[in-house]
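# Results of the structural survey
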Amino acid sequence: MSLHEQDDPRLRAAQEERLRAVWAPPKGLFLKWTDTNNDAVGAWYVLTGFVFMLFAGVLGLIMRTQLAVPDNDLVDAGTFNQLFTLHGSMMMFLFAVPMFEAVSIILLPQLLGARDLPFPRLSAFGYWSFLIGGVFVGGSILFNAAPDGGWFMYPPLTTRTDLSGIGADIWMLGLSFIEVSSIAAAVELIVGVLKCRPPGMRLNLMPLYAWYILVVAVMILFAFPPLIAGDVLFEMERLLDWPFFDASRGGDPLLWQHLFWIFGHPEVYIVFLPSIALFAMLVPTFARRHLLGYPWIVLAAVGTAFLSFGLWVHHMFTTGLPKISLGFFSAASEAVAIPTAVQIFVFIATLWAGRVKWSTPMLYASGSLAVFVVGGLTGVMVAVAPFDWQAHDTYFVVAHLHYVLIGGTLLPLFAGLYYYWPLITGKKLSDRLGRVAFWMCFAGVNLCFFPMHFSGLMGMPRRVFTYPEALGIGGLNMTSTIGAFLFAAGVAVICVDLCLSPRRPFAPRNPWNAGTLEWLAHPQDEHWGIRSIPLIESRYPIWDQSDFMKKVDEGRYFLPDAEEGRRETIITSVLDARPLAVVRLGTPSWIPMATAVALGAVFILTTYHLYWPALVCGFATLACVLAWLWTGTAEIPEKPSKPIGHGIELPLYLSGRSAPGWWAMFITMMADATAFSGLVFGYYFFWTRHPDFPPPELAGAPGVLWPMVALASGLASWIATLAARSANRRGALLPARLLLVFAIGAALVSAGTGLAGPWLGGMDPTLHSYPAIVWTIAIWTSAHGAIAAIMLAYVIARSLAGRMTAQHDADLRNVTVYMHFFALTVVVAYATLGLFPEVA
């Protein structure tokens, strides 16, 4: 497509009409919920997360009302336990993390100049999983069945079914389901940042928000799986009486604390760094200049993420740790202040050097920084072990936590709300109402939480439903309650502002005169994301590239048309964003919703011990996934390539390391391997903590023979898959299929013999933590062998159906990635189970 052709307005109008038809949302009462466009799914995500936040906020207000005066009896102790557990769980799992992912699903394609993310149906699946899990967990309090063990659910209180009701199962299984959606969104966002950038947008030209999305999504990938591993152990103890956390049978409650806080502390930064990312977009716009210190802020974000995984033990200072551990983790906790300070000073320096326009979003951003700094300073205090011993589990920690989360998450989100509302709806929110709401929220948060520092130091413990008047903290608590309601009133003003928004006139496009790509979007009536995919030469192309917006709108860059009537976007290389291919994107479909419903039913039915119906739903989930893959992935195009403009022609099919699917499989397996490492960590944790692990009477089980047979057959399956990939690439389809059949058989043998060891060894998993953890690792590994067999059978079916050829081998290459990790899993698992007891 030459520039001359794009000068023709009739040609441009025809292109726009085709794009409009291709990207039109589905219509109809049911069909509109099958939409997969990032605009629609992201909006549903944001709205749902906001409603969950309001619900959790109401629970918090009930708690503050109960604590307003001494010896109050508004709610009883059991109800109060449910309130604080659900309040914390919903704010962390149903608001803070999902809201980051929701905002990112909306913004990322626009920020990267892409038509959509690479797996739109995965985004839709993540949303429906989030909705189902959130309603299940949040709605439990309406039936007096909510969890009541705190948002960290420490055993043994929560693993003993005689002390905790079904609420613990609802928390564990419901939130495990939500964790699936979080990891799905993380995979989507990582691949989106790495592979969907526009041509020319090298890593050093990437918007800082995209950098933060990449960093945080990677953190999710490594932080959530240990909690999933802990969830597996937790539920097996509750449902099957396998004693992982029962000290009388060789278990250890501290194992849960380690697994939980390996997730829990990075999560603080998972919800905080996206707020910094919003600042990185706001500050240059209102300072009216480029952000200073771009490389430093990227390094600081990466450094913060790295350090956050080394701090989890500071939540366990009171558990009797060795002095060297106290010193190491205390120092690491202090060190994280350095990269955090770098990021804040960069913003201050940019504002100092610019010509600042003090808008409503900037007001929220500045206020949130002030609140966050107070939380950060008290964080430095509790990172010092002797102080932590005094303040642990008091209201001082409650104050610290809320200053960090409100200053680091909630107020920045309000800043982003006022900044990006015109991008989403085309209309600005009210500056007057926004400023009134800000001052109410700012005053309310300080009035509510600052007195808690003193009530905590005066001896008020966390998680008590009342306190005696003699403690002398009635006035402080009343002040906190007044502050909480003032803060809630500020949020109510924001809600009123949102409700009045549809009645206001449309704002001009890019009303803040920002310089980044997301402001190219047409919020009023276009769903294609961007008219043509631009060539990027600057971090702020709208400011720096001449006639940039006009050229994009007139289709003078890449992929300005949709001649084949397909939803498409450009895939580029990871480092330097060279155009590699055009990929066809998923269209609206009911399959993501059905998959989420079926998988949600598995978790919900298991909660109520309805195992056979849960098994049926498990098969339904598998059927949905296979239908999804069969109809929506690795499609062989009708032609090998297509022109995208400026004389460039790109292929329509990719496989291997250049393909988004390969990256999605690789990233998913990284999360899987991290969860597996959590189980292996449990095995060696028991060994280091207990001198009788394994107990003498079980030292000979599961033996060496069966684990070694399982290991050898698992490796044979892996090697056969590699050989099949090579044969298929040479066009030898029959040998490739036969090798795949052999690989299936070997994977099934590995799965069976992996279970034979503990079974024939007579290992009863209810007697001691040793047989319990052996069985768990063996089941995990065997399940992966069974999944390998299903995936290999799927590849054979694709080959027989003519949907996979020597040139179009994405399915086989993606499964090969899975088999690499499967081989690693069998080596680690069976070497641990079969050989380590001999060594130990």
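Preceding this paragraph is the structure being described.
Every value quoted in this text rests on a predicted model; they were computed, and no experiment measured them. (Residues numbered from 1 in each chain as written. Predicted model: local features only at pLDDT ≥ 70, side-chain atom pairs only at ≥ 80, totals over all residues. Heavy atoms only, no water.)

## A word on a nonpolar patch on the surface
Side chains of Trp612, Leu615, Phe619, Leu622 and Ile790 sit close together on the surface and give an oily, nonpolar patch of about 550 Å² of accessible area. A per-element tally of the nonpolar patch places helix α20 (residues 611–632) first, with 4 residues. Relative to the elements of secondary structure, leucine 615 occurs in helix α20. (Patch = residues over 30% accessible without salt bridge, like charges linked within 9 Å, V, L, I, M, F, W, Y side chains within 5 Å. Areas by Shrake-Rupley, 256 points an atom, 1.4 Å probe, with all protein chains shown as cover. Salt bridge = Lys/Arg side-chain N within 4 Å of Asp/Glu carboxyl O. Helix = DSSP H or I, 4+ residues; strand = E, 2+ residues; numbered from the N terminus.)

## Concerning the pairing of strand β3 (residues 641–645)
One ladder, built from 4 bridges, connects β3 with strand β4 (residues 648–651); its direction is antiparallel. Paired with glycine 645 across the strands is isoleucine 648, a residue of β4. The loop that links β3 with its antiparallel partner β4 comprises 2 residues; one of these, histidine 646, has a positive phi angle of about 60°. (Pairing = 2+ DSSP bridges.)

## Topic: the packing of aromatic side chains
Inspection of the entire model under this criterion finds 59 aromatic pairs. Centre to centre, the rings of phenylalanine 548 and tyrosine 557 are 5.8 Å apart; their planes meet at 50°, and the pair counts as tilted. The exposure class of phenylalanine 548 is buried, given its relative accessible area of 1%. Ring pairs connect the aromatic residues Phe93, Trp151, Trp171, Phe224, Phe234, Phe244, Phe245, Trp256, Phe260, Trp261 and Phe263, which therefore count as one cluster. (Phe/Tyr/Trp six-rings, centres within 6.5 Å; stacked < 30°, edge-to-face > 60°. Buried < 20%, exposed > 50% of the residue type's maximum accessible area, 1.4 Å probe, protein only.)

## As for the side chain of aspartate 388
Mapped onto the elements of the fold, aspartate 388 is located in helix α13 (residues 385–391). We note that aspartate 388 is buried and unpaired, the nearest opposite charge coming from arginine 462 at a distance of 8.6 Å. Contacts of aspartate 388, omitting those with residues within four sequence positions, involve His314, Phe317, Thr318 and Val382. (Lys, Arg positive; Asp, Glu negative; His and termini not counted. Contact = heavy atoms within 4.5 Å.)

## Here's the deal with unusual backbone geometry
Cis geometry marks the peptide bond from phenylalanine 693 to proline 694, where omega comes out at 0°. Within the secondary structure, proline 694 sits in the loop between α21 (660–689) and α22 (705–729). At asparagine 144, a position not held by glycine, the phi torsion is positive, near 55°. Mapped onto the fold, asparagine 144 is located in the loop between α5 (120–138) and α6 (167–195). Judged by its relative accessible area of 57%, asparagine 144 is exposed.

## Points about the packing of helix α4 (residues 77–111) against α5
Where α4 meets α5, the closest approach of the two axes is 12 Å, and the angle between their N-to-C directions is 165°. By the criterion of interaxial angle, the relationship of α4 to α5 is roughly antiparallel. Every pair of crossing elements has a handedness; the one defined by α4 and α5 is left-handed. Together, Leu86, Met90, Phe93, Leu94, Pro98 and Ile105 of α4 and Ser123, Phe130, Gly134, Val137 and Gly138 of α5 make up the contact between the two elements. In terms of residue class, the contact of α4 with α5 is built from 8 nonpolar, 3 polar and no charged. (Axes fitted to C-alpha atoms, helices over the stretch in contact; angles between N-to-C directions. Parallel < 35°, antiparallel > 145°, perpendicular 65-115°, else oblique. Left-handed = near helix turned anticlockwise from the far one by under 90°. Nonpolar A, V, L, I, M, F, W, Y, C, P; charged D, E, K, R; others polar.)

## A look at the side chain of threonine 159
By the secondary structure assignment, threonine 159 is in the loop between α5 and α6. From its side chain, threonine 159 meets the backbone oxygen of proline 156 in a polar contact 3.3 Å long. Setting aside residues no more than four positions away along its own chain, threonine 159 makes contact with Phe234, Glu237, Arg238 and Phe245. (Polar contact = N/O pair within 3.5 Å; in protein donor to acceptor, adjacent residues only side chain to side chain.)

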